[in-house]
Amino acid sequence: GQQLNQSPQSMFIQEGEDVSMNCTSSSIFNTWLWYKQDPGEGPVLLIALYKAGELTSNGRLTAQFGITRKDSFLNISASIPSDVGIYFCAGLKGGNQFYFGTGTSLTVIP
Amino acid sequence: SQTIHQWPATLVQPVGSPLSLECTVEGTSNPNLYWYRQAAGRGLQLLFYSVGIGQISSEVPQNLSASRPQDRQFILSSKKLLLSDSGFYLCASPGTGGYTIYFGEGSWLTVV
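About the cut-offs
Residues numbered from 1 in each chain as written. Chains lettered and ligands numbered in written order. Predicted model: local features only at pLDDT ≥ 70, side-chain atom pairs only at ≥ 80, totals over all residues. Heavy atoms only, no water. Helix = DSSP H or I, 4+ residues; strand = E, 2+ residues; numbered from the N terminus. Rg over C-alpha atoms; globule rule 2.2 N^0.38 Å. Buried < 20%, exposed > 50% of the residue type's maximum accessible area, 1.4 Å probe, protein only. Contact = heavy atoms within 4.5 Å. Areas by Shrake-Rupley, 256 points an atom, 1.4 Å probe, with all protein chains shown as cover. Lys, Arg positive; Asp, Glu negative; His and termini not counted. Charge placed at Lys NZ, Arg CZ, Asp CG, Glu CD. Pairing = 2+ DSSP bridges. Axes fitted to C-alpha atoms, helices over the stretch in contact; angles between N-to-C directions. Buried area = accessible area lost by both parts, 1.4 Å probe. Polar contact = N/O pair within 3.5 Å; in protein donor to acceptor, adjacent residues only side chain to side chain. Disulfide = S-S within 2.5 Å. Salt bridge = Lys/Arg side-chain N within 4 Å of Asp/Glu carboxyl O.

K.L.:
Would you explain the overall build of chain B in this entry?
P.N.:
When its secondary structure is counted, chain B shows zero helices and 11 strands. The order of α-helices and β-strands along chain B, N terminus first, is β-β-β-β-β-β-β-β-β-β-β. For chain B, whose C-alpha radius of gyration is 13 Å, the value lies close to the compact-globule estimate of 13 Å for 112 residues. Its C-alpha atoms give chain B principal-axis dimensions of about 40 × 25 × 20 Å. When the 112 residues of chain B are sorted by exposure, 52% land in the buried category. Contacts in chain B between residues at least 24 apart in sequence constitute 54% of all its contacts with a sequence separation of at least 6. Per element, the accessible surface of chain B, about 4900 Å² overall, is 58% carbon and sulfur. Side-chain charges of chain B comprise 6 positive and 6 negative groups, with the mean position of each set lying 8 Å from the other.

K.L.:
What is the right way to look at the sheet that holds strand E3 (residues 19-26) of chain B in this model?
P.N.:
Picture the strands of a sheet paired through backbone hydrogen bonds; they go either parallel or antiparallel. All names here are of chain B. If you walk across this open sheet you meet the four strands as E1-E3-E8-E7, and the pairing is antiparallel. Of all the strands in the sheet, the pair left with one neighbour each is strand E1 (3-7) and strand E7 (65-70). With strand direction ignored, the average angle separating the axes of adjacent strands in the sheet is 20°. In terms of strand pairing, E7 meets strand E8 (residues 73-78) through four bridges, oriented antiparallel. What sits directly across from Gln70, in E8, is Gln73.

K.L.:
Would you take a moment to explain the environment of Leu82 of chain B for this structure?
P.N.:
Residues and elements named next belong to chain B. With respect to the helices and strands, the residue Leu82 is situated in the loop between E8 and strand E9 (87-94). With relative accessibility at 41%, the residue Leu82 sits in the partly exposed group. Residues Leu82 and Val15 lie 67 residues apart in sequence; the distance between their C-alpha atoms is 5.4 Å. The residues touching Leu82, leaving out its near neighbours within four places in the chain, are Asn63 and Val111.

K.L.:
Help me understand the interface of chain A and chain B in this model?
P.N.:
The figure often quoted for interface size is the accessible area lost as the parts come together. On the side of chain B, 24 residues touch chain A, which itself brings 25 residues to the contact. Buried surface at the junction of chain A and chain B, both sides included, amounts to about 1900 Å², of which 56% is carbon and sulfur. Among the residues chain A hides against chain B, the three largest losses belong to Asn96, Phe98 and Phe100 of chain A. Together they make up 28% of the total. Run the count over chain A and chain B and you get three residue pairs in polar contact (both at pLDDT 80 or more). Elements with a contribution of two residues or more to the side of chain A that touches chain B: strand E4 (31-37), strand E5 (44-49), strand E9 (85-92), strand E10 (98-101) and strand E11 (104-109) of chain A. If you tally residues by element for the side of chain A that touches chain B, the top one is E4 of chain A, at four residues.

K.L.:
Would you mind showing me how to read the state of the cysteines here?
P.N.:
Note on terminology: disulfide describes a covalent bond linking the sulfur atoms of two cysteines. Residues and elements named next belong to chain A. In this structure the tally under the stated criterion is two disulfides over all chains. Between Cys23 and Cys89 runs a disulfide, and the two sulfur atoms are separated by 1.6 Å. Here the disulfide of Cys23 and Cys89 is left-handed, its torsion about the S-S bond being about -70°. Of this pair, Cys23 sits in strand E3 (residues 19-24) while Cys89 sits in strand E9, and the two are 66 residues apart along the sequence. When its relative accessible area of 0% is taken as the criterion, Cys89 is described as buried.

K.L.:
Just checking my understanding: could you explain the pattern of salt bridges for this structure?
P.N.:
The full count for this structure, using the stated rule, is five salt bridges over all chains. Asp38 of chain A serves as the salt-bridge partner of Lys36 of chain A, at 3.1 Å between the closest nitrogen and oxygen. Residues Arg37 of chain B and Asp85 of chain B are paired through a salt bridge, measuring 3.9 Å at the closest nitrogen-oxygen approach. Here Arg37 of chain B, found in strand E4 (residues 33-38), pairs with Asp85 of chain B, found in the loop between E8 and E9; they are 48 residues apart in sequence, far enough to count as distant.

This is the structure in structure tokens:
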């Protein structure tokens with residue numbers, strides 16, 4: 001199925017730095033989701049966004065639903081070693097079909 | 001909240017052997033279930049989705065099949081595995097409202 005454009009593909013950062021990643025699409029989405037996946041495990045939902053312009057936080061994580069409804073970003077503030085993993089965005093246009101980004105691999109250097 | 005159980009967690013199978021991965025879901029009233037494959041720890045490829053018992057839609061032509069014998073059960077199968085079937089398989093279910101999707105723990109399949 002269609003995939004969303006997610007960037008960057010990978011990031012190597014120092015512990016304590018802030019992180020920003022984003023997802024874009026040529027299509028409009030009604031819902032944006034952000035997931036984290038640890039090695040060998042299924043993705044875990046971090047944040048769900050339901051309307052354009054919405055800004056939602058979950059601890060050190062903040063995500064926004066773009067005004068155009070074609071993009072979303074995820075910020076992680078003051079990164080820590082346990083933030084390591086692959087982060088995925090997902091979008092729902094309607095109906096039953098979810099679309100996923102290709103993932104951003106995050107490495108935090110202590 | 002809903003829980004999605006997958007088993008086995010890890011499987012090593014020879015080429016040409018059959019496959020059966022099982023998924024059961026609890027805690028959601030949404031009837032839809034999905035099977036995804038993830039290669040090399042990156043993008044998720046939708047393989048099958050089901051909106052109810054006996055109703056399966058296939059997204060890509062392949063060596064795999066899916067069945068939904070019970071409302072809360074989704075099975076991924078193959079009669080003869082290929083090397084290219086290796087990967088991480090994820091079962092998924094939407095939340096009750098249908099606006100979010102949740103994943104099982106995943107099943108690692110290595111075909112040798």
